[in-house]
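These are the residues of each chain, in order.
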Amino acid sequence: MGDGLELDELALDDCEVTAVGCEPLARAFAGRRLARLSLRANNIGDEGCIALAGCGERLDLSAAGVGPRGLAALARQPLVALELFNSPSLGSSVGDWCAAMSPSEWPQLRHLDMSCCGLGNDGFRILCKRLLDDTAVLPKLEVLCLGGNDVDDSDEADSHDLVDRLSAARGLRVIWRNG
């Protein structure tokens, strides 16, 4: 970033950054990655997410309008932690992006927060079963946050069983209940 101070972390939470503002930010970080970059509560959408995908090891893009295209761009990056809290467009497309997950994507990801992404019962099960059935996908994942995804109690025993099996099979901490 020029001759000034070297940044290791940058938080621009709720600063009204848009996709247009992400382009110069990405250029400023060209060739280097921050340890942590947060743009929580900014309306950057998929375009801003794509621009910034390679700018940090730990990204917080919660409530930033990230959708399936942004998620695909993030999947190609060597991220360690990714927070996508309150990204409801991911819930409506969970079947598509979950089926497309590849073992070559996110090989270093240890923490994934997809709380309040509108997964619902079906999306919750799709994601958990995908991770249970293919341990080569997200192989280093240690923490998966899925709270606030409108998983109802109609199949609570099945949901508990699925989470227990996923946790045991992968040594994964799954946070999914809100109480």
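Residues numbered from 1 in each chain as written. Predicted model: local features only at pLDDT ≥ 70, side-chain atom pairs only at ≥ 80, totals over all residues. Heavy atoms only, no water.

A. The arrangement of the overall build of the protein in detail. What the protein contains, in helices and strands, is seven helices and seven strands. Secondary structure elements of the protein, listed N to C terminal, follow the sequence β-α-β-α-β-α-β-α-α-β-α-β-α-β. Taking 16 Å as the expected radius of gyration for a compact globule of 179 residues, we find that the protein reaches 16 Å, a close match to that expectation. Taken along the three principal axes of its C-alpha coordinates, the protein extends 55 × 30 × 30 Å. Here the protein, with 179 residues, has 47% of them falling under the buried criterion. Long-range contacts, defined here as pairs at least 24 residues apart, represent 65% of the contacts in the protein between residues at least 6 apart. Computed over 17 positive and 28 negative side-chain charges, the separation of the two mean positions in the protein equals 5 Å. (Helix = DSSP H or I, 4+ residues; strand = E, 2+ residues; numbered from the N terminus. Rg over C-alpha atoms; globule rule 2.2 N^0.38 Å. Buried < 20%, exposed > 50% of the residue type's maximum accessible area, 1.4 Å probe, protein only. Contact = heavy atoms within 4.5 Å. Lys, Arg positive; Asp, Glu negative; His and termini not counted. Charge placed at Lys NZ, Arg CZ, Asp CG, Glu CD.)

B. Representation of the packing of aromatic side chains in the model. Per the stated rule, a full pass over the model turns up one aromatic pair. Here Phe124 and Trp176 contribute two aromatic rings whose centre-to-centre distance is 5.2 Å and whose plane-to-plane angle is 35 degrees, an arrangement assigned as tilted. Taken together, the residues span a long stretch of sequence, with Phe124 in helix H6 (residues 120-133) and Trp176 in the segment after strand E7 (173-175) at a distance of 52 residues. The aromatic ring of Trp176 is capped on one face by Arg177, whose charged end is 4.8 Å from the ring centroid. (Phe/Tyr/Trp six-rings, centres within 6.5 Å; stacked < 30°, edge-to-face > 60°. Lys NZ or Arg CZ within 6 Å of the ring centre and 35° of its normal.)

C. Representation of the sheet that holds strand E2 (residues 34-38). In space, the seven strands of this open sheet follow the order E1-E2-E3-E4-E5-E6-E7, with parallel pairing throughout. In this open sheet, the two strands that pair with only one neighbour each are strand E1 (9-11) and E7. The mean angle between the axes of side-by-side strands here comes to 10 degrees, regardless of whether they run parallel or antiparallel. Bridge count for strand E4 (residues 81-83) against strand E5 (residues 111-113) is three bridges, and the pairing is parallel. Across the sheet, the residue bridging to Glu83 is Asp113, located in E5. (Pairing = 2+ DSSP bridges. Axes fitted to C-alpha atoms, helices over the stretch in contact; angles between N-to-C directions.)

D. Layout of the nonpolar core. Ranked by size, the top nonpolar core spans 54 residues in total, and within it Leu61, Leu74, Trp97 and Trp106 carry the most contacts. When contributions to this core are tallied by element, the ones reaching two or more residues are helix H1 (19-28), E2, helix H2 (45-52), helix H3 (68-75), helix H5 (94-99), H6 and helix H7 (156-170). Sort the elements by how many residues they give to this core and H6 lands first, with five residues. Leaving out residues up to four positions away in the same chain, Trp97 has contacts with Leu71, Leu90, Met114, Leu119 and Leu127. (Core = buried A, V, L, I, M, F, W, Y, C linked by side-chain atoms within 4.5 Å.)

E. Looking closely at the packing of H6 against H7. Their axes nearest at 9 Å, the elements H6 and H7 cross at an angle of 30 degrees. With respect to each other, H6 and H7 are oriented roughly parallel. Between H6 and H7 the crossing geometry is left-handed. Residues Phe124, Arg125, Cys128, Lys129, Leu131 and Leu132 of H6 form the contact with H7, whose participating residues are Ser159, Leu162, Val163, Arg165, Leu166, Ala169 and Arg170. Looking at side-chain class alone, the contact of H6 with H7 contains eight nonpolar, one polar and four charged residues. (Parallel < 35°, antiparallel > 145°, perpendicular 65-115°, else oblique. Left-handed = near helix turned anticlockwise from the far one by under 90°. Nonpolar A, V, L, I, M, F, W, Y, C, P; charged D, E, K, R; others polar.)

F. Representation of the pattern of salt bridges in the model. For the structure shown, the criterion picks out eight salt bridges. Note that Asp60 is salt-bridged to Arg40, the shortest N-O span being 2.8 Å. Of this pair, Asp60 sits in strand E3 (residues 56-60) while Arg40 sits in the loop between E2 and H2, and the two are 20 residues apart along the sequence. Linking Arg40 and Glu83 is a salt bridge whose minimum nitrogen-to-oxygen distance equals 3.0 Å. With a gap of 43 residues between them, Arg40 in the loop between E2 and H2 and Glu83 in strand E4 connect regions that are remote in the sequence. When its relative accessible area of 25% is taken as the criterion, Glu83 is described as partly exposed. Through salt bridges with shared partners, one network takes in Arg40, Asp60 and Glu83. (Salt bridge = Lys/Arg side-chain N within 4 Å of Asp/Glu carboxyl O.)

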